[in-house]
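Coordinates in review
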Amino acid sequence: MRTKRLVAWPLAALALAAGTAWSEPSAGEREGLTPRMKEQREGLAPRTEDRPCADPEYRHGISYLAPLRYGPDFTHFAYTNPEAPKGGTMRIARMGTFDNYNGIVEIGRIPDGYGITEGFVYDRLLDASLDEPAAAYVRLADGVAVERDFRWTAFRIREGARWHDGRPVTREDVLYTFDAIREHGRVELQTALADLDRIVPFGDRELCFVTRAGRAPNPILPFVYGVMGILPRHHWMAHDISKTTTEPPPGSGPYRAEEANFGRTLTFRRVDDYWGRDLPVNRGRFNFDRLKYDYFRDENIMLEAQKADVVDVRQELTAKNWATAEFPAAEKGLVKAELRKGTRVWGLWWPVYWNLDQPRFRDIRVREALWLLYDFNYVNRVYFHGFFNQGVSLFQNSDMAHTGRPSARELALLERWREQIPDRVFTEPFRHPESDGYGFSRESTERALALFDEAGWHVREGRMVHKETGERFRVDFIFVLTSSARAILPFTARLEQVGIATTVRLLDVSHWLHRGRAGSFDATSVGFVPSYMPGPELEARFGSASADLGYGANWGRTRDPAVDSLTEAIKRARNAEELFAATRALDRVLMWNFYLLPGPSTPGMRLMYWDRFGEVRNDELSWVPYVETWWWDERKAARVSAGVAALEE
């Protein structure tokens, strides 16, 4: 399904505004244009009077919630080493596979590095800082200006940027990128740009991103624009950007693809003459000569590959491996296993979403009954070795999470929806049923069966069936992680005890993505780790509009006007108090509606790595940027080599 088209700026006017001659495109160029671009070039007149960005005051960065940490004369981020040596290889383990290098389209699986927001192959207008809640600094742009009510955002494109094939990165590349995303991009990308009306060029190298009329102020928009990687227009002129591709397009960033075993490994080579190497946001980053990504379809095989020194760094996703895996290299300190807590919002670790397009899950009493039958404490003790925290908030480990009873600010947002949301939203924080983790609760089971009965379901001859239709209550679970499928088994056993038929299917990544996006399931788990600018991701994950878009991110098909209203409040928050009130109110509404089964929340990032690397250790970052900021340490590498040789004697 294609979203409504947005107004775009005629390409003829772009050339006039830039002071360059307008020329008729060649036949080859014309073949590469999107339908909207062909229309623009062939019929629309310039709108030279359209100048919404009046006298922009350019800055070196933008921030949300707090002042910028780094001033206009900063030379590098504090968590990087500007003198870090360049060289060496880092081998990174990833789950899944890849089959496509086009990072904007809905279909296909993108490898690391080619994601539209990653910043490895494609430069971005802005780069985020990891030691601030929400701040970004100029990269491909050399200046950014934001109108106080967010009606427009202006970027001044930096001179000297170039693609890996030597061509300059131009303003038309930026325009082409956003046009392509709005025309052919994934649903979540189009949703993120839903408030964008048009992009107006002005001056010699400036662009004005104009917000659609009537939209509420949205402070997140400048960050959304800034994070999008800019695509090479000249490449896509000769290719169909609406299709997947097995040919890596040229980039402008610090790495380029060097070698691929398609779907299994991908190696990047550092660009020695990378144009942006000495920018403040890049100094001390992108230090490895090569990055090699190995893709695995089994978590245990991935662990064995690290033991065998096939990969250097990975995140451990299986609590059992973290708690029990022992091998000589780790015992000798050659491999480090560290829990890095960080400052990021940890959210919920792969919660289970109910598909509300299935009629039986639309009744809140059914969803609550299912929740009552789930015993997190038992699962955490037996299957997760006590590793996880109990998940009670979508924004766990942050000030955005709800606590206690709603504040006055929260109540002001919630009151208008009092008749449509559960009473408990107003009276108590969300918490799980009491459990000692050593056996099912009779009280919770009785409450669950009573709720099923109220909703029209009862147990007859050992089977949960609908009272009127006789339909059997079934739940088809689909998972992509072995650990998720394994950990759900106590829950499915409990459901079977009360007469609910269950199936648990472990799918490959592509099949799981297809079924999840298409809504072909009853229940599945998807990780949710929001940022401190959560508006667009919440809109994509829980918004009513995204539920009706084919292959979107709202897999649970949530359609709730209260959720939509609170998400809008999050998007228009102008300070921390407004943001926290809106996220906490939304948190309560989503949790007490039981749209998902919360399960666990991780206490941090479980990092395992061969101790060959240097880093500026900082535990106050939102993420451990091992690919971006670590470097090859010859002394440590020699120690590891000697240690491995000793183990083999």
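A brief look at the structure comes next. (Residues numbered from 1 in each chain as written. Predicted model: local features only at pLDDT ≥ 70, side-chain atom pairs only at ≥ 80, totals over all residues. Heavy atoms only, no water.)

**Examining the packing of helix α19 (residues 535-542) against helix α21 (residues 561-571)**
At a closest axis distance of 9 Å, the pairing of α19 and α21 adopts a crossing angle of 165°. Comparing their axes, α21 and α19 come out roughly antiparallel. Here the hand of the crossing between α19 and α21 comes out left-handed. Two secondary-structure elements touch here, α19 through Gly-535, Leu-538, Glu-539 and Phe-542 and α21 through Val-563, Asp-564, Thr-567, Glu-568, Ile-570 and Lys-571. Looking at side-chain class alone, the contact of α19 with α21 contains four nonpolar, two polar and four charged residues. (Axes fitted to C-alpha atoms, helices over the stretch in contact; angles between N-to-C directions. Helix = DSSP H or I, 4+ residues; strand = E, 2+ residues; numbered from the N terminus. Parallel < 35°, antiparallel > 145°, perpendicular 65-115°, else oblique. Left-handed = near helix turned anticlockwise from the far one by under 90°. Contact = heavy atoms within 4.5 Å. Nonpolar A, V, L, I, M, F, W, Y, C, P; charged D, E, K, R; others polar.)

**Section: helix α15 (residues 442-454)**
Side chains of residues three or four places apart in an α-helix project in the same direction, reflecting 3.6 residues per turn. With 13 residues, α15 extends 19 Å from end C-alpha to end C-alpha; this agrees with the ideal 18 Å at 1.5 Å per step. Among all positions of α15, only Ser-444, Thr-445, Ala-448, Leu-451 and Phe-452 are buried. On an axial view of α15, the arc spanned by its buried residues comes to 125°, and they lie on one face. Among the exposed residues of α15, those oriented more than 90 degrees off its buried face are Arg-442, Glu-443, Glu-446 and Glu-454. In this structure, the buried residues of α15 make contact with α11 (364-372), β16 (457-460), β17 (463-466) and α17 (489-497). Positioned one or two residues after α15, Gly-456 has a phi angle of 100°, which is positive. (Expected span 1.5 Å × (residues − 1). Buried < 20%, exposed > 50% of the residue type's maximum accessible area, 1.4 Å probe, protein only. Arc of directions from axis to C-beta.)

**Quick look at the packing of α21 against helix α22 (residues 576-592)**
Running from N to C, α21 and α22 point in directions that differ by 160°, and their axes come no closer than 8 Å. Classified by the angle their axes make, α21 and α22 are roughly antiparallel. Relative to α22, α21 is oriented so that their crossing is left-handed. Note on element contacts: α22 touches α21 through Leu-579, Ala-582, Thr-583, Ala-585, Leu-586, Val-589 and Leu-590, opposite Val-563, Leu-566, Thr-567, Ala-569 and Ile-570. Across the contact of α21 with α22, the residue classes break down as 10 nonpolar, two polar and no charged.

**Considering the sheet that holds strand β14 (residues 352-354)**
If you walk across this open sheet you meet the five strands as β19-β18-β20-β14-β21, and the pairing is mixed. The sheet is open, and its two edges are formed by β19 (501-506) and β21 (596-597), each paired on a single side. Two elements, β14 and strand β20 (residues 523-525), share three bridges in a ladder whose sense is antiparallel. The residue bridging Val-352 from the neighbouring strand is Ser-525, located in β20. (Pairing = 2+ DSSP bridges.)

**With respect to the pattern of salt bridges**
With the rule as written, the count across this model stands at 53 salt bridges. A salt bridge links Glu-83 to Arg-283, with the nearest nitrogen and oxygen atoms 3.8 Å apart. Pair noted here: Glu-83 is in the loop between β1 (61-63) and β2 (89-95) and Arg-283 is in the loop between β10 (265-270) and β11 (290-296), with a separation of 200 residues, a long-range link. For Arg-283, a relative accessible area of 25% gives the class partly exposed. Between Lys-467 and Asp-453 there is a salt bridge; the shortest N-O distance is 2.9 Å. Pair noted here: Lys-467 is in the loop between β17 and β18 (474-479) and Asp-453 is in helix α15, with a separation of 14 residues, a long-range link. For Asp-453, a relative accessible area of 36% gives the class partly exposed. Here the salt bridges share partners, and the residues they tie into one network are Asp-123, Arg-124, Asp-127, Arg-139, Arg-285 and Glu-628. (Salt bridge = Lys/Arg side-chain N within 4 Å of Asp/Glu carboxyl O.)

**A word on the sheet that holds strand β4 (residues 135-138)**
As summarised here, the arrangement of the three strands in space is β1-β4-β3, forming an open sheet in which the pairing is antiparallel. The open sheet is flanked by β1 and β3 (126-128), the only strands paired with a single partner. Geometrically, the sheet is characterised by an average inter-axis angle of 25° between neighbouring strands, direction not taken into account. Pairing geometry for β3 and β4, over three bridges, is antiparallel. Bridge pairing links Ala-128 to Ala-136 in β4.

**Looking at helix α18 (residues 509-518)**
By the burial criterion, the buried members of α18 are Val-509, Trp-512, Leu-513, Arg-515, Gly-516 and Arg-517. Of the surrounding elements, those touching the buried residues of α18 are β18, β19 and β20. If you check the start of α18, you find a side-chain oxygen 3.1 Å away from the backbone N of Ser-510, and it comes from Asp-508. The first or second residue beyond α18 is Gly-519, which carries a positive phi of 75°. (Polar contact = N/O pair within 3.5 Å; in protein donor to acceptor, adjacent residues only side chain to side chain.)

**Section: the pairing of β11**
With respect to burial, β11 is a largely interior element, five of its seven residues being buried. Here seven bridges tie β2 to β11, and the two strands are oriented parallel to one another. Considered in β11, the bridge of Ala-93 is made with Asp-294. In this sheet, β11 lies alongside β10 in antiparallel orientation, the contact comprising five bridges. Note on β11: the bridge partner recorded for Thr-265 is Asp-294.

**Examining the packing of aromatic side chains**
Tallied over the entire structure, the rule returns 50 aromatic pairs. When the ring of Phe-178 is compared with that of Tyr-225, the centres are 6.4 Å apart and the planes differ by 80°; the resulting orientation is edge-to-face. Residue Phe-178 is located in helix α4 (residues 171-184), and its partner Tyr-225 is located in helix α6 (residues 221-227); the two are separated by 47 residues in the primary sequence. Accessibility assignment for this pair places Phe-178 and Tyr-225 in one class, buried. With 6.0 Å between their ring centres and 85° between their planes, Trp-592 and Phe-594 make a pair best called edge-to-face. Accessibility expressed as a relative area gives 1% for Phe-594, which makes it buried. We note Arg-344 situated over the ring of Trp-346; from NZ or CZ to the ring centre the distance is 5.1 Å. Positioned above the aromatic ring of Trp-349 is the side chain of Arg-606, whose terminal nitrogen or guanidinium carbon lies 5.7 Å from the ring centre. (Phe/Tyr/Trp six-rings, centres within 6.5 Å; stacked < 30°, edge-to-face > 60°. Lys NZ or Arg CZ within 6 Å of the ring centre and 35° of its normal.)

**Concerning the environment of Gly-160**
You can see Gly-160 is positioned in the loop between β6 (152-157) and α4. Taking the C-alpha atoms as reference points, Gly-160 and Leu-140, 20 residues apart in sequence, are found 9.6 Å from one another.

**Re the pairing of β10**
With five of its six residues buried, β10 lies for the most part within the structure. Here six bridges tie strand β9 (residues 255-261) to β10, and the two strands are oriented antiparallel to one another. Following the sheet pairing, Ala-260 is matched in β10 by Leu-266. Hairpin geometry of β9 and β10 is characterised by an intervening segment of three residues between the two adjacent antiparallel strands and by a positive phi of about 85° at Gly-263.

**Description of the state of the cysteines**
Scanning the entire structure with this criterion turns up one disulfide. A disulfide bridge connects Cys-53 with Cys-208, and the sulfur atoms are separated by 1.9 Å. Where Cys-53 bonds to Cys-208 through sulfur, the torsion about that S-S bond is close to 80°, and the disulfide is right-handed. Residue Cys-53 is located in the loop between α3 (35-43) and β1, and its partner Cys-208 is located in strand β8 (residues 206-211); the two are separated by 155 residues in the primary sequence. Considered together, Cys-53 and Cys-208 belong to a single accessibility category, that of buried residues. (Disulfide = S-S within 2.5 Å.)

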